[in-house]
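Residues per chain are reported as follows:
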Amino acid sequence: MKAQRPLNSFKFVGILCFLTGYSLAVQADNTWSYRQQNDSLTNQSYSVAQSPLPRPGVYDDMTLEIICKNNKLQAIITTDDLIASQGSAFTLQYQIDKNVPVTLTLKTFPDSKRKGYTELEAKRITDDLLTGQTVFIRVNTMIKTVLSSTIALDNIQEPLKQVLSDCDLNSAHTANNELTYSLSQFEQDFNQRSPEHQSQILKGLKQLMTDIK
């Protein structure tokens, strides 16, 4: 029995190291990252802010990227399951914390059924991501299934701000890091008003839009 103790101790140390390493890996994967890549076709570099790896078995495998390429901002969603045929439109919803969900139309890439993007709404998505702690994403697929995932927004500030800087864009934050009044916040507040109050707000907005032309 005594001869087995060193072996058992060795196994215990090995298991402990494995678990410690696994814990550190999970912690590292729970962070947004920034990197620069090179397009092999055009030989041009572009920058990427990428969401952390999804927690296995909890939600569908899904990653979100904010990219600056050719001085244009893109928001890209990638899944392990089929979304739609190549070059097709599909519906995506995202919800920052407990705010009102936002519904957008994205398009799959010409060479992928599992990867979609938007340029038109990329800035809005980016600004909204900077305002919260988590984002819940839901994608309606071509076969009428729904893919969903919750992505933590921990440590998102620096990667996103770097990508925005690469595209010569400013975030929705002011110099003292106070948030501006975003469209999502407006929609949430607007939906809580009475119909009469909503009508007054819309009249005021119409007048404001007319004045600033």
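Calculation notes
- Residues numbered from 1 in each chain as written.
- Predicted model: local features only at pLDDT ≥ 70, side-chain atom pairs only at ≥ 80, totals over all residues.
- Heavy atoms only, no water.
- Buried < 20%, exposed > 50% of the residue type's maximum accessible area, 1.4 Å probe, protein only.
- Helix = DSSP H or I, 4+ residues; strand = E, 2+ residues; numbered from the N terminus.
- Arc of directions from axis to C-beta.
- Contact = heavy atoms within 4.5 Å.
- Core = buried A, V, L, I, M, F, W, Y, C linked by side-chain atoms within 4.5 Å.
- Phe/Tyr/Trp six-rings, centres within 6.5 Å; stacked < 30°, edge-to-face > 60°.
- Lys NZ or Arg CZ within 6 Å of the ring centre and 35° of its normal.
- Pairing = 2+ DSSP bridges.
- Disulfide = S-S within 2.5 Å.
- Axes fitted to C-alpha atoms, helices over the stretch in contact; angles between N-to-C directions.
- Polar contact = N/O pair within 3.5 Å; in protein donor to acceptor, adjacent residues only side chain to side chain.

1. Describing helix H3 (residues 157–166)
Step number 1: Of the residues making up H3, those classed as buried are Pro159, Leu160, Val163 and Leu164. Projection of H3 onto a plane perpendicular to its axis shows the buried side chains occupying an angular sector of 130°, all on one side.
Step number 2: Those residues of H3 hidden inside the fold are in contact with strand E1 (33–38), strand E2 (45–50), strand E3 (62–69), strand E4 (72–79) and helix H2 (122–129).
Step number 3: Remark: Asp168 follows H3 within two positions and exhibits a positive phi of approximately 60°.

2. Comments concerning the nonpolar core
Step number 1: Core analysis: the largest hydrophobic core is formed by 33 residues, its most contacted members being Ile66, Tyr94, Leu129 and Ile137.
Step number 2: Residue assignment for this core shows that the elements contributing at least two residues are E3, E4, strand E5 (89–96), strand E6 (102–108), H2, strand E8 (134–140), strand E9 (146–152) and H3.
Step number 3: Listed in part, the 5 residues of the second largest apolar core include Tyr46, Val48, Ile67 and Phe109.

3. A look at the packing of aromatic side chains
Step number 1: As enumerated under the stated definition, the model contains 1 aromatic pair in all.
Step number 2: Sitting over the face of the ring of Tyr46, Lys69 holds its NZ or CZ atom 4.7 Å from the ring centroid.
Step number 3: Above the face of the Phe109 ring, Lys115 is positioned so that its terminal group lies 5.9 Å from the ring centre.

4. A closer look at the pairing of E4
Step number 1: Of all 8 residues in E4, 6 are buried, a share of seventy percent or more.
Step number 2: Inspection of the sheet shows E3 paired to E4 by 8 bridges, in the antiparallel sense. Within E4, the residue paired with Glu65 across the bridge is Ile76.
Step number 3: What sits between E3 and E4 in their antiparallel hairpin is a turn of 2 residues, with Asn70 showing a positive phi close to 55°.
Step number 4: Sheet topology note: the E4/strand E7 (residues 115–118) ladder contains 4 bridges and is antiparallel. Following the sheet pairing, Thr78 is matched in E7 by Lys115.

5. Examining the state of the cysteines
Step number 1: For the structure shown, the criterion picks out 1 disulfide.
Step number 2: Sulfur-sulfur distance for the disulfide between Cys68 and Cys167 comes to 2.0 Å. Because the sign of the S-S torsion sets the handedness, a value of about 110° for the bond joining Cys68 and Cys167 places this disulfide among the right-handed ones. Of this pair, Cys68 sits in strand E3 while Cys167 sits in the loop between H3 and helix H4 (183–191); the two residues are 99 residues apart in sequence, bridging distant segments of the chain.
Step number 3: Taking relative accessible area as the criterion, Cys167 reaches 4% and is therefore assigned buried.

6. Concerning the sheet that holds E9
Step number 1: Within the open sheet, the 9 strands sit side by side as E1-E2-E3-E4-E7-E6-E5-E8-E9. Their pairing is antiparallel. A strand with exactly one partner marks an edge of an open sheet, and here the two such strands are E1 and E9. Neighbouring strand axes in the sheet, compared pairwise and without regard to direction, differ in orientation by 30° on average.
Step number 2: Inspection of the sheet shows E8 paired to E9 by 7 bridges, in the antiparallel sense. Looking across to E9, one finds that Thr134 is bridged to Ala152.
Step number 3: In the packing of H2 onto the sheet, contacts are made with E3, E4, E5, E6, E7 and E8, and the angle to E4 comes to roughly 75°.

7. A look at the environment of Leu120
Step number 1: Take Leu120: it is sitting in the loop between E7 and H2.
Step number 2: On the basis of relative accessibility, which here comes to 77%, the residue Leu120 falls in the exposed class.
Step number 3: The spatial distance from the C-alpha of Leu120 to the C-alpha of Leu104 is 10.0 Å, given a sequence separation of 16 residues.

8. Re the environment of Asp128
Step number 1: Tracing the backbone through its elements, the reader meets Asp128 in helix H2.
Step number 2: Note on Asp128: relative accessible area 3%, which makes it buried.
Step number 3: Each C-alpha atom, one on Asp128 and one on Tyr94, is 9.8 Å from the other, the two residues being 34 residues apart in sequence.
Step number 4: Of the polar contacts made by the side chain of Asp128, one reaches the side chain of Tyr94; its length is 2.6 Å.

Purely spatial values, then, with no claim about function.
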